[in-house]
Amino acid sequence: MKTTPSKKLRKPTNGLEPPVDGDSARWNLRLYVAGQTPRSLTAFKNLKDICEEYLKGQYHIEVIDLMENPTLARGDQILAIPTLVRKLPQPIRKIIGDLSNTERVLVGLDIKPR
Amino acid sequence: MIRQNSRNRSKPLESLRKERTGIPGFDEITRGGLPAGRPTLICGGAGAGKTLFATEFLVRGATLFDEPGVFMSFEESEEELATNVASLGFDLKQLIADKKLVLDYVFIERSEIEETGEYDLEALFLRLGHAIDSIGAKRVVLDTLEALFSALPNEAIIRAELRRLFRWLKEKGVTAVITCERGEGTLTRYGLEEYVADCVILLDHRVQNQISTRRMRIVKYRGTSHGTNEYPFLLDEKGFSVLPITSLGLAHKAPTEHTSSGVPRLDTMLEGRGFYRGSSILVSGTAGTGKSTLGAHFIEAACKRGEKALFFAFEESQDQIIRNMRSVGIDLERFVKKGLLKFHNARPSAWGLEVHLAVIHKEISDFAPSVVVIDPITNFLAVGDAPETKSMLTRLIDFLKTRQITGMFTSLTSSGTNIEDSEVGVSSLMDVWILVKNIESNGERNRGLYILKARGMAHSNQVREFLLTDHGIELIDAYVGSEGVLMGSARSSQLARERAAEIDRQLLTERKQRELQRKQELYEAQLMALKGQYETERDAILRDLDEDERRRKVMADERLQIARLRRADNGEVQFQGDGARKARKGTVR
């Protein structure tokens, strides 16, 4: 699944595409959602905005819809929706919620020191 | 997911359907099992057996009732779980391979998680929903759901989501078991009982006087009657077993056939037939009065008839009992080898009362004996107090009676207390009460046995002396006579005295008879002598008479001679000659 390109990625309303692919990106992020709920869309938009601002050109976002692939929840131990998983750089970090608190997202992604 | 199954909500509930757990005893106290299609809360402290209960619920469901299950674990990994229950003979991996079970380990590391706004636990629902659908699960276990509270920071969200989860589970129609840690003063630490209102079961692991007992109680079971007591349960090599040991009421049958006590003369005292089958017999007495030996006799008699017997020994080991009983001529070992006799030896302090009862129950159910000896019941007082012990024994007696097992209970009466005090206070429960006591008199102790009561029997009211010989117990009539009731050497010496007097009387009679004999002999001798004398005298007289006759004849001859010579008339002379001839003929010569 890791190599699957983001087919399930819904086009965000602002139409931004991830600038790099998953293999070469320094920041490999995975967003777990369950259906196109407003919260999921909000989360994706928030994530996109943060990445564009802080990680421009170095990130790759993969959106996984658990409604379609419920088995994938097991691999990353996902409980909460939405959950953002930082696969790279190591170690794995998980950020739950709609990512509306930018400050905490940055801390969670170790972009800002705690 | 909710919307998919929402039609279930309007389905009318005729009466509560129950789902059997397959856990021995549990389905009995719940009258059928857990509420089908509803969540049940299992709460208890650490090590109370929650996970095991939940696992067994799933495993038995899959193996006995062909109901697949999902185990969602928040605490132990798949590997750990499989290993933990392997010792109980549950092969989780095989069940998983057979698509009877799905194990899903939910692991959340708090330190990895950052909360950044609103979220829900839809992923958990999806995971669970997927697992349920993948094998068509009917049973679900969530162990321990409360781990969520420590894993996720926002308690309000968790609570809302849990409420939704329980509703969702109901709508899914799965029978769910949710385990919870017991809280301080509340059933669960996070108050989950608020959400799961259908069935709440409390597991408890109590330590009293350093003895631990596991108990279970159904705190709540909506829409059904259930046992409300605390039931002890066991976790052993066969898993979880609940023991619904309550007084089952007094509805047991009363058989009329008899079973021998193993001591022929004791049977004689009981109308010659022994105890009623299925009755309970109390043998009480002070130390060393032969209570255990009576028990051994009882068992020997049963085994000789080919019946099975179970010996619960709380004081001695099996080998010790076998050795000791051999010294009084009772060979129990051969019955053990034949599989007719089973010993269960345990120190009373090994477990709590309830567990003892549970173990006794289990042993009896497994072995199905017709005769049971419990030696002694008074040792249970070391574990529980008198009311507890009495309650336990009541339930045990009821259990034996419903199975028509004849039970013999020995009870040690400590010297100094009233001998007719059965210590545990169970005498009123017993059908037959045999009292063995040391009777102390004339500087010695002797064993006396009497039957204090025997329901439904015209039993002997005598005190018998009883001896332990190398061929078992022998009952002897106590001496009852002018000297009172005597036992032991007093009895023997009294008997000896009586024997001596008897011999004296006999000698006297013999002497008298001999005297009579002598007198008769004397008389006869005298008679002989007299007869001899008479004959002698008679002979002499006859000889004289003869002499006279001869002389007369001679004289007559002479006269005849003279007359012839004188030519005299001879008529008179002729007559005299005839008379002489006649006289001679009468003589005995």
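This one's a predicted model, so the numbers in the text were calculated from it and none came from an experiment.

### Observations concerning the overall build of chain A
When helices and strands are tallied, chain A shows three helices and four strands. The secondary structure elements of chain A, listed N-terminal to C-terminal, are β-α-β-α-β-β-α. When each of the 114 residues of chain A is scored for burial, the buried share is 39%.

### Overview of the overall build of chain B
Assigned secondary structure in chain B consists of 15 helices and 25 strands. Buried positions account for 41% of the 589 residues belonging to chain B. In chain B, the proportion of contacts linking residues at least 24 apart, taken out of those at least 6 apart, comes to 70%.

### Brief notes about the interface of chain A and chain B
In this assembly, 30 residues from chain A lie in contact with 22 residues from chain B. Residues of the side of chain A that touches chain B, tallied by class, amount to 17 nonpolar, seven polar and six charged. Direction of pairing for strand E4 (residues 93–96) of chain A relative to strand E6 (residues 113–115) of chain B: parallel, over a ladder of three bridges. Bridge pairing in E6 of chain B links Ile96 of chain A to Glu115 of chain B.

### Observations concerning the sheet that holds E4 of chain A
The mixed open sheet is built from five strands, whose spatial order is E2(A)-E1(A)-E3(A)-E4(A)-E6(B). Because the sheet does not close on itself, it has two edges, and the strands there are strand E2 (59–65) of chain A together with E6 of chain B. Recorded for the sheet is a direction-independent mean angle of 20° between the axes of neighbouring strands. Across seven bridges, strand E1 (residues 27–33) of chain A lies against E2 of chain A in parallel orientation. Bridge pairing in E2 of chain A links Asn28 of chain A to His60 of chain A. Of the strands in this sheet, E1, E2 and strand E3 (83–88) of chain A are in contact with helix H1 (residues 38–54) of chain A, which crosses E1 of chain A at around 165°.

### Comments concerning the nonpolar core
Core analysis: the biggest nonpolar cluster contains 163 residues, and Leu31 of chain A together with Leu41, Ile42, Ala123, Ile178 and Ile299 of chain B have the highest contact counts within it. Shared between two domains, this core takes at least three residues from each, and those domains are domain 1 (6–242) and domain 2 (258–477) of chain B. For Ala123 of chain B, the contacting residues outside a window of four places in its chain are Tyr32, Ala34, Leu66, Ala73, Ile78, Leu79, Ala80, Ile81 and Thr83 of chain A.

### Here's the deal with unusual backbone geometry
Cis peptide bonds are those with omega within 30 degrees of zero, and the linkage from Asp143 of chain B to Thr144 of chain B qualifies with -20°. If you trace the backbone, Thr144 of chain B turns up in the loop between strand E7 (139–143) and helix H6 (147–151). In this structure, Pro376 of chain B follows Asp375 of chain B across a cis peptide bond, with omega equal to -15°. Along the chain, Pro376 of chain B falls in the loop between strand E18 (371–375) and helix H13 (386–402). Although it is not a glycine, Leu99 of chain A sits at a positive phi angle of roughly 60°. The topology assignment puts Leu99 of chain A in the loop between E4 and helix H3 (102–108). Residue class for Leu99 of chain A comes out buried when judged on the 29 C-beta atoms lying within 10 Å of it.

### Topic: the pairing of strand E12 (residues 239–242) of chain B
Residue and element names in this part refer to chain B. Relative to E12, strand E11 (residues 230–236) runs antiparallel, the two being bridged by four bridges. Bridge pairing links Leu234 to Ser241 in E12. Connecting the antiparallel pair E11 and E12 is a turn made up of two residues.

### Examining the sheet that holds strand E3 (residues 39–44) of chain B
All names here are of chain B. Strand order in this open sheet of nine strands is E5-E4-E7-E8-E3-E9-E10-E11-E12, and the pairing throughout is mixed. Edge positions in the open sheet fall to strand E5 (101–105) and E12, since each of these has one partner strand only. Adjacent strand axes in the sheet meet at a mean angle of 20°, parallel and antiparallel pairs treated alike. In terms of strand pairing, strand E4 (residues 69–73) meets E7 through five bridges, oriented parallel. The residue bridging Ser73 from the neighbouring strand is Asp143, located in E7. Where helix H2 (residues 50–64) meets the sheet, its contacts fall on E3, E4, E5, E7, strand E8 (175–181), strand E9 (199–208), E11 and E12, and the angle it forms with E7 comes to roughly 160°.

### Re the pairing of E7 of chain B
Residue and element names in this part refer to chain B. Most of E7 is tucked away: five of the five residues are buried. On E7, burial covers both faces: Arg139, Val141 and Asp143 on one face and Val140 and Leu142 on the other are all buried. Where E7 lies against E8, four bridges are found, and the strand directions are parallel. Counterpart to Leu142 in the pairing with E8 is Ile178.

### With respect to H1 of chain A
Residue and element names in this part refer to chain A. An ideal rise of 1.5 Å per residue puts 24 Å on 17 residues; H1 measures up with 24 Å between its terminal C-alpha atoms. Regarding H1, the residues found buried are Arg39, Ser40, Ala43, Phe44, Asn46, Leu47, Lys48, Ile50 and Cys51. Each element contacted by the buried residues of H1 is listed here: E1, E2, E3 and H3.

### Comments concerning the confidence of the model for chain B
All names here are of chain B. Residues at a pLDDT of 70 or more form 89% of chain B, whose mean pLDDT is 82. Scored below 50 in pLDDT, residues 1–13 makes 11 contacts in the model with residues more than four places away or belonging to other chains. Among the scores for the predicted complex, ipTM is 0.78 and pTM is 0.64.

### Overview of the confidence of the model for chain A
Confidence along chain A averages 77 in pLDDT terms, with 77% of residues attaining 70 or more. Here residues 1–19 of chain A is a poorly scored stretch, pLDDT under 50, and it has 21 contacts once near neighbours within four places are set aside; other chains count.

### Quick look at the environment of Thr402 of chain B
If you trace the backbone, Thr402 of chain B turns up in helix H13. Considered as a pair, Thr402 of chain B and Ala254 of chain B are 148 residues apart in the sequence and their alpha carbons are 9.4 Å apart.

### A short note on helix H9 (residues 291–304) of chain B
Across its 14 residues, H9 of chain B extends 20 Å between first and last C-alpha, which sits within 8% of the 20 Å expected from 1.5 Å per residue. Gly306 of chain B, located one to two residues past H9 of chain B, shows a positive phi value of around 90°.

### What about the environment of Gly108 of chain A?
Take Gly108 of chain A: it is sitting in helix H3. Residue classification places Gly108 of chain A among the buried residues on the basis of 24 C-beta atoms within 10 Å. Separated by 24 residues in the primary sequence, Gly108 of chain A and Leu84 of chain A place their C-alpha atoms 9.7 Å from one another. What Gly108 of chain A contacts, discounting residues up to four positions off in sequence, is Arg93 and Ile95 of chain A together with Glu114 and Thr116 of chain B.

### Digging into the environment of Ser241 of chain B
All names here are of chain B. As for its placement among the helices and strands, Ser241 is situated in strand E12. Sequence-wise, Ser241 and Gly22 are 219 residues apart; in three dimensions their C-alpha atoms are separated by 9.7 Å. Residues in contact with Ser241, not counting those within four places in the same chain, are Ile23, Pro24, Gly25, Phe233, Leu234 and Lys362.

### A word on the packing of helix H12 (residues 353–367) of chain B against H13 of chain B
Residue and element names in this part refer to chain B. Where H12 meets H13, the closest approach of the two axes is 10 Å, and the angle between their N-to-C directions is 15°. It follows that H12 is roughly parallel to H13 by the angle criterion. The crossing of H12 and H13 is right-handed. Packed against H12, whose contacting residues are Leu353, Leu357, Ile360 and His361, the element H13 presents Glu388, Thr389, Met392, Arg395, Leu396 and Phe399 at the interface.

Here is what the cut-offs are and how they apply
- Residues numbered from 1 in each chain as written.
- Chains lettered and ligands numbered in written order.
- Predicted model: local features only at pLDDT ≥ 70, side-chain atom pairs only at ≥ 80, totals over all residues.
- Helix = DSSP H or I, 4+ residues; strand = E, 2+ residues; numbered from the N terminus.
- Buried ≥ 20, exposed ≤ 12 C-beta atoms within 10 Å, placed from the backbone.
- Contact = placed C-beta atoms within 7 Å.
- Nonpolar A, V, L, I, M, F, W, Y, C, P; charged D, E, K, R; others polar.
- Pairing = 2+ DSSP bridges.
- Axes fitted to C-alpha atoms, helices over the stretch in contact; angles between N-to-C directions.
- Core = buried A, V, L, I, M, F, W, Y, C linked by C-beta atoms within 7 Å.
- Domains from an automatic or database assignment.
- Expected span 1.5 Å × (residues − 1).
- pLDDT = per-residue confidence, 0-100.
- Parallel < 35°, antiparallel > 145°, perpendicular 65-115°, else oblique.
- Left-handed = near helix turned anticlockwise from the far one by under 90°.

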